[in-house]
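# Examination of the molecular architecture
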Amino acid sequence: MGLMTRAFILIAMVACLTSVAHAIAGQATFYTPPYTPSSCFGFEDRGVMILAANSVLFNNRAACGTRYRVTCTGRTNLGVLEPCTGQSVEVTVVDLCPGCASDQIDLSQEAFAVIANPDAGRILIDYVQ
């Protein structure tokens, strides 16, 4: 194997490890329309690929507009044995989820359905900015 090939493989491995190291593990639930008004944008429609953040992540509106890539990593209950679709979804923080635990986010129903079977209700996730 040539020196350039080895260097490329090493760089690719480091890049993969870096992105995994920054992922935040948690849980996700979903909420249903209407999605306005929101804490961040009032009656401005920000689409359906959105999330309501827990109070720590929300940080008194500092997280408004921040985008995250969310991936389902597993189930939290016996209701749906394999809830994950294998896809990730890009979502934007638009609201506060006052009832969410510090490791939880609340996705729009549409965003949740991209990454998991909505019948699961609650899933394990990784998310990264």
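See the structure shown above.
Residues numbered from 1 in each chain as written. Predicted model: local features only at pLDDT ≥ 70, side-chain atom pairs only at ≥ 80, totals over all residues. Heavy atoms only, no water.

## As for the overall build of the protein
- For the protein, the helix and strand inventory stands at 3 helices and 6 strands.
- Listed N to C, the secondary structure of the protein is α-β-β-α-β-β-β-α-β in terms of helices and strands.
- For the protein, long-range pairs separated by at least 24 residues make up 77% of all intrachain contacts whose partners lie at least 6 apart in sequence.
- In the structure as shown, the protein presents an accessible area of about 7,500 Å², 58% of it carried by carbon and sulfur atoms. (Helix = DSSP H or I, 4+ residues; strand = E, 2+ residues; numbered from the N terminus. Contact = heavy atoms within 4.5 Å. Areas by Shrake-Rupley, 256 points an atom, 1.4 Å probe, with all protein chains shown as cover.)

## What about unusual backbone geometry?
- Cis geometry is found at the peptide bond from proline 33 to proline 34, where omega equals 5°.
- Secondary-structure assignment places proline 34 in the loop between strand 1 (24–31) and strand 2 (50–53).
- The omega torsion across threonine 36 and proline 37 is 0°, close enough to zero to call that bond cis.
- Note on placement: proline 37 falls in the loop between strand 1 and strand 2.
- Despite not being glycine, asparagine 59 shows a phi value in the positive range, around 50°.
- When you line up the elements, asparagine 59 lands in the loop between helix 2 (55–58) and strand 3 (67–75).
- Among the residues examined, asparagine 59 registers a relative accessible area of 49% and is labelled partly exposed.
- Even without being a glycine, asparagine 60 presents a positive backbone phi close to 55°.
- Relative to the elements of secondary structure, asparagine 60 occurs in the loop between helix 2 and strand 3.
- The exposed category is assigned to asparagine 60, whose relative accessible area is 70%. (Buried < 20%, exposed > 50% of the residue type's maximum accessible area, 1.4 Å probe, protein only.)

## Considerations on the pattern of salt bridges
- Going through the model one piece at a time under the given rule, you end up with 1 salt bridge.
- Put simply, glutamate 44 and arginine 46 hold a salt bridge, and the shortest N to O gap is 2.8 Å. (Salt bridge = Lys/Arg side-chain N within 4 Å of Asp/Glu carboxyl O.)

## Examining the sheet that holds strand 5 (residues 104–108)
- Spatial strand order, 1-5-2-4-3-6: 6 strands in a closed barrel with mixed pairing. Across the sheet, the mean angle separating the axes of adjacent strands is 45° when strand polarity is ignored.
- Relative to strand 6 (residues 123–128), strand 1 runs antiparallel, the two sharing 5 bridges. Among the inter-strand pairings, alanine 25 is bridged to a residue of strand 6, identified as aspartate 126. (Pairing = 2+ DSSP bridges. Axes fitted to C-alpha atoms, helices over the stretch in contact; angles between N-to-C directions.)

## A short note on the pairing of strand 4 (residues 88–96)
- Note that strand 2 and strand 4 share 4 bridges and pair parallel. Bridging across to strand 4, alanine 53 finds its partner in leucine 96.
- Pairing of strand 3 with strand 4, which is carried by 5 bridges, proceeds in the antiparallel orientation. Residue pairing in the sheet places arginine 67 in a bridge with threonine 92 of strand 4.

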